[in-house]
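# Results of the structural survey
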Amino acid sequence: MNAPVPPFDPLGLPVTSSFLYALSYLTLTLHFVAMQFTVGGAILMLLCWRRQPGIARFFGTGLPLGFSYLVTFGIPPLLFLQTVYGQFFYSSSVLVGAYWISVIPLVIVGYGASYWHRMNRDARPRHQDVVVAIIVAALLIVGFIFVNNLALSLRPDLWLRHYAAYPSGNTLTHGEPTLYARYLLFVVPALFTSGMALVLRASYLRHRAATTAARKEAETSHTVGLRAMVVATGLEAMAAGWFWIVIPDAIRGAFAEGGALSMLAVAGVLLGVGALLAAWQSRGRSGMGLAVLAAHLLVGAVACLVIVRDLLRQLYLEPYFEAAKTPVLPQWGMFAAFLTVMLIGVVFLAILTEQTIRGLVGAADGAGGANDGKPAGRPRPAPRRTRAGHRRPGQRPASLGKQ
Amino acid sequence: MNYPVWDVPGIGAGLIVAIIAILHVLVSHIAVGGGAFLFLAELWARRQPDKDRIRAWLKRYVTFFLVYTTVFGAITGVGIWFSIQLASPEATSLLIHQFVFAWAIEWVAFLGELTVLYLYYYGWDSNSEPRQIFLAGAYFGIAWISLVVINGILTFMLTPGDWTLDNRDIAAGFLNPGYFSALSLRTMVMFLLAGLSAFVVAARVDDDQLKARIVRFASYWVLPAAVLIPVFSYLFWSRLPAFSVKLATDGVVGLAGGKLEVMSRAIWLAGLTGSLVLLGTLTFLLRPRALTLGAAIAMLGTAQIGIAGAEFFREMARKPYVVYGVLYSNSLWVRDATPAKLREPFLSRARWHPDPPALTRERGEWIYRLQCASCHTRDGYRSLTARTEQWTPEFGFQWLETMDANGVMPPFQGDAEDRAALVAYLLSLRGKTIDPTEIVRTAPPSPRAPSAEVKP
């Protein structure tokens, strides 16, 4: 192949590539879920701005955290991507360098605007919809730049011509035929995931709230959430069809052959449909079980599609690179240190988070209203629940719906 | 040579890295030092008779702290990573492959500090007193661990010590000669910046008596650190490579005459801004009403300028390498800089060019792009038009051959035709039309001077 693919780094792989793939899949799944919640949430916020203010407020409260974790969970997949595919990723990044670096100010603008909205929406309600539109625009542009760069990283045959024409990296690629279908395949699921967030919210409201207003808000949340999921499913099917048409014959053939690629793709679709059906069925139920099951199925679907995405990358880059043949100059000690730190960190954070959330819920119950970062009265211990999850007589409802 | 060079007109890729890094260093050090401040301020507030008022102020501080560090600090941190990929992919690849799990550990710390900060902030009204104090302390501990980790990678680039490409000794590279002095220095800087960031929020306190107490508490963070920073700076200085020290103290004769004294200027800048911060803090301590929002921001701005000086010094001290003694700033591996390889026609070894004809300005432009553009621009930052103003074709042709002799430039890669093409291109930037063939034809034969062999 006549393409200027750089040689693999002289330090080789630090551990067998399968470990790096596994870590990448795990963290990229978390990144995608956070990204989809944030992007879809911002879009739904804009769409619901006038008619469903409770939903806009819910996403307005969650968006800064969504941004925060989409960035945080985005770091390790990029780290492991660079460890295995650095020679492709760095090259394509330079080719679109001006756009790639503009991701940083765009994210600062979107993330900063999400905090600005949350902190000022009550004091300065005018033009907040414009702020939300800025957040949506920033997220969609950043998404397109990411997809553009990563699509270009799969096409070393396009690199030299692109670099000779635009050495300043001031032009995105449009030569990759799957580009726009690929973009839709990443953006549309955001509506699905944010719809799922609304279904979960509705389920939580129904589970805890007793007031008519809260039940009504739950109903609205469920309706909008399901609608978003159904629309996203239809659009995703169309985007997948478009992608199927424009991918190279060899890749299509690999899908048709069966094996891990097609099985995981089918599993991803089935899990997604399962999530939709479970979300649908959770309507009107007082328990949260079905909604939580739906959310888990969704995460499973995302995980399957993350692996499919990487298998496709391996197929695209097969003529240039095979990770399995790359020399490993092991750093097992550091790898073990990382796993240990990660395990301790996750347990530590899980305990702290569980305790703090318990206190927050208790305080919200005590105050009889959502605190949303505002003073919520004297903290009270978390309310005890019966085994069936029903409120005890006289127990006051939470009001997450007001957030 | 293995990667394309991001050819940014006017400012250059290196300056983009520097701008993002300078902005990030201020906020990232506040993010760590501010954690210690929160922890001790929580303890302090709870011993005061008016603890609710002080905690109300502390809530304002933590709101500023949360938004500023998570939005601007975290994203500019990612920005450094993005920009170094573009400015020096070869070096980034080296760092990633050597320190991938150190970076991954730092990510766990980052995830931890972020989550703990949210638990602290959003649980402000519902967390018990001991829990809130524990969370503040945990935040600081975790944030400092992230500094401990990233400091090893940063100092590795300037003082890799006994690490080599062959031994790949991660302990030697991480705990390198500059590690502990830099860690101590950064720890002091973060305490100082924590105090300065507290001034910004304290400036809005209306009650003079309360303001005076907060200013006094914040000053205790600035004053000892401001005194100790020069001590740790000296320790850092004592661990620098000998040639970096020489470069800083003596300066180097530049291309266009004069001396390259930017490093000594950077030292002066850091010293001057440090003194101003000290004087400003003493003023606030003696006259708390002098602390206005403008004055507090000016103090942070002064610190930002000082950090800019220090960061430029650190970057310049690495000249001409990006990883000292291992990889030149234009991505030439030191191990590949043998006389025989250096004399080969450059584009036959480079990957990223459309194979322009020999002895043309077009070929010269591609040589410029692949060898020079990672540090220089044509007519902006580190302008080559300005630096070659006094050049004749003959001088340029000969100078390129020994340009590494003064120790601040990498060796030229390529044969006589490459040098002639580059000279013709550089002179064409000032409107001069020179035929590269003519340069080669009229040039006296000059055996390549041996490389300066600047050893770290």
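What counts and how
- Residues numbered from 1 in each chain as written.
- Chains lettered and ligands numbered in written order.
- Predicted model: local features only at pLDDT ≥ 70, side-chain atom pairs only at ≥ 80, totals over all residues.
- Heavy atoms only, no water.
- Domains from an automatic or database assignment.
- Contact = heavy atoms within 4.5 Å.
- Buried area = accessible area lost by both parts, 1.4 Å probe.
- Salt bridge = Lys/Arg side-chain N within 4 Å of Asp/Glu carboxyl O.
- Polar contact = N/O pair within 3.5 Å; in protein donor to acceptor, adjacent residues only side chain to side chain.
- Helix = DSSP H or I, 4+ residues; strand = E, 2+ residues; numbered from the N terminus.
- Core = buried A, V, L, I, M, F, W, Y, C linked by side-chain atoms within 4.5 Å.
- Buried < 20%, exposed > 50% of the residue type's maximum accessible area, 1.4 Å probe, protein only.

## Side note on the domain arrangement of chain B
Residue and element names in this part refer to chain B. Here the domain parsing of chain B yields domain 1 (12-328) and domain 2 (337-442). One C-alpha centre belongs to domain 1, the other to domain 2; they are set 39 Å apart. On the domain 2 side, the residues contacting the 16 residues of domain 1 number 15 residues. Summed over both partners, the interface of domain 1 with domain 2 buries about 1,300 Å², with 70% contributed by carbon and sulfur atoms. There are zero salt bridges connecting domain 1 and domain 2. Between the two partners, domain 1 and domain 2, sit zero residue pairs in polar contact (both at pLDDT 80 or more). Counting only elements with at least two residues in the side of domain 1 that touches domain 2, the list comes to α1 (12-46), α8 (242-250), β1 (252-253) and α10 (293-317). Looking at which element gives the most residues to the side of domain 1 that touches domain 2, the answer is α1, with three residues.

## Examining the side chain of Asn149 of chain A
Residues and elements named next belong to chain A. Structurally, Asn149 can be placed in helix α4 (residues 128-153). A polar side-chain atom of Asn149 sits 3.0 Å from a polar atom in the side chain of Ser93. Residues in contact with Asn149, not counting those within four places in the same chain, are Phe89, Ser92, Ser93, Val96 and Trp100.

## A look at the interface of chain B and chain A
Between chain B and chain A, the residue contacts involve 73 residues of the former and 79 residues of the latter. Interface area for chain B against chain A, summed over the two sides, is near 6,600 Å², with a carbon-plus-sulfur share of 76%. For the chain B face of the interface with chain A, the top three residues by lost area are His97, Phe101 and Trp107 of chain B, together amounting to 13%. The interface formed by chain B and chain A holds zero salt bridges in total. Inspection of the region where chain B meets chain A yields 17 residue pairs in polar contact (both at pLDDT 80 or more). Where the side of chain B that touches chain A is concerned, the elements lending two or more residues are α1, α2 (51-87), α3 (89-122), α4 (129-158) and α13 (361-372) of chain B. With 26 residues, the single largest contributor to the side of chain B that touches chain A is α3 of chain B.

## Topic: the nonpolar core
With 280 residues, the main nonpolar core has Phe338 of chain A together with Phe37, Trp57, Leu193, Leu196 and Phe199 of chain B as its most contacted residues. Among all residues touching Trp57 of chain B, those that are not within four sequence positions of it are Phe37, Ala198, Val201, Ala202, Val205 and Ile214 of chain B.

## Let's talk about unusual backbone geometry
Residue and element names in this part refer to chain B. Along the chain, Lys319 connects to Pro320 via a cis peptide bond; the corresponding omega equals -5 degrees. Mapping Pro320 onto the fold places it in the loop between α10 and β3 (321-323). A positive phi angle, close to 70 degrees, is found at Ser331, a residue other than glycine. The residue Ser331 is located in the loop between β4 (327-328) and α11 (339-343) in this model. On the accessibility criterion, Ser331 (11% relative accessible area) is buried. The phi dihedral of Arg382 falls on the positive side, at around 50 degrees, and the residue is not glycine. With respect to the helices and strands, Arg382 occurs in the loop between α13 and α14 (384-387). The exposure class assigned to Arg382 is partly exposed, which follows from its relative accessible area of 22%.

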